[in-house]
Amino acid sequence: ALAEALQANAESRLRKLALFSTGLGPAAGVSFAALLRSNRSLVDLDLRFCKIGDLAGVAVAEALQENAQTALRSLQLTYTGMGAAAREAFEALRRSNPGIEVILDDAEEEKAE
């Protein structure tokens, strides 16, 4: 609901959103991907400890690749339950937009390999 409300408010000037440990799951992650596809104000998004999973992780990475006008500079995704597919999508994002700092969990990365 929060992501949809922010997306509906095209004039939003929200720059930082910290949602760590809020219990958000895959559906919320996909909603945030839809928001990030067109958002131009958000600079820092923190989803640490939200179990958005692999599918939503891929959706977020792809949305940010599609949004050439994103202002996002920091995306914190430690302990989000993402696997190899999401990691690959974020590596592609890093190559296409090195200005976005994507923080993933080292322990999960080792597990995925």
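The model shown is predicted, which means the values in this text are computed figures rather than measured ones.

Quick word on the packing of aromatic side chains
Aromatic ring pairs are defined here through the distance separating the ring centres and the angle between the ring planes. All chains considered together, the criterion is met by one aromatic pair. Consider the rings of F49 and Y79, whose centres lie 5.0 Å apart with planes at 10°: the pair is stacked. On the criterion of sequence distance, the pair formed by F49 in the loop between β2 (44-46) and α3 (53-66) and Y79 in the loop between β3 (74-76) and α4 (84-96) is long-range, its members being 30 residues apart. A relative accessible area of 35% places Y79 in the partly exposed class. For the cation-ring pair, R48 lies above F20, with the distance from its terminal atom to the ring centre recorded as 4.7 Å.

Remarks on the sheet that holds β2
In space, the four strands of this open sheet follow the order β1-β2-β3-β4, with parallel pairing throughout. Pairing within the sheet leaves two strands with one partner each, and these edge strands are β1 (16-18) and β4 (101-103). Pairwise comparison of adjacent strand axes, ignoring direction, gives a mean angle of 5° for this sheet. Pairing of β3 with β4 involves three bridges; the strand directions are parallel.

Describing α4
For α4, with 13 residues, the first-to-last C-alpha span of 19 Å sits near the 18 Å given by 1.5 Å per residue. Taken together, the buried positions of α4 are A86, R87, A89, F90 and L93. Along the axis of α4, the buried positions cluster into a sector of 160°, meaning they face one direction only. Across from the buried face of α4, at angles greater than 90 degrees, the exposed residues are E88 and R95.

Some thoughts on α3
The first and last C-alpha atoms of α3 sit 20 Å apart over 14 residues, in line with the 20 Å expected at 1.5 Å per residue. Where the residues of α3 are buried, they touch α2 (26-36), β3 and α4.

Some remarks on the packing of α2 against α3
In contact at an axis separation of 8 Å, α2 and α3 are set at 5° when each is read in the N-to-C sense. By the angle between their axes, α2 is roughly parallel relative to α3. For the pair α2 and α3, the contacting residues are P26, G29, V30, A33 and L36 in the first and A56, A59, V60, A63 and L64 in the second. Each residue belonging to the contact of α2 with α3 can be placed in one class, and the counts come to nine nonpolar, one polar and no charged.

Cut-offs applied
Residues numbered from 1 in each chain as written. Predicted model: local features only at pLDDT ≥ 70, side-chain atom pairs only at ≥ 80, totals over all residues. Heavy atoms only, no water. Phe/Tyr/Trp six-rings, centres within 6.5 Å; stacked < 30°, edge-to-face > 60°. Helix = DSSP H or I, 4+ residues; strand = E, 2+ residues; numbered from the N terminus. Buried < 20%, exposed > 50% of the residue type's maximum accessible area, 1.4 Å probe, protein only. Lys NZ or Arg CZ within 6 Å of the ring centre and 35° of its normal. Pairing = 2+ DSSP bridges. Axes fitted to C-alpha atoms, helices over the stretch in contact; angles between N-to-C directions. Expected span 1.5 Å × (residues − 1). Arc of directions from axis to C-beta. Contact = heavy atoms within 4.5 Å. Parallel < 35°, antiparallel > 145°, perpendicular 65-115°, else oblique. Nonpolar A, V, L, I, M, F, W, Y, C, P; charged D, E, K, R; others polar.

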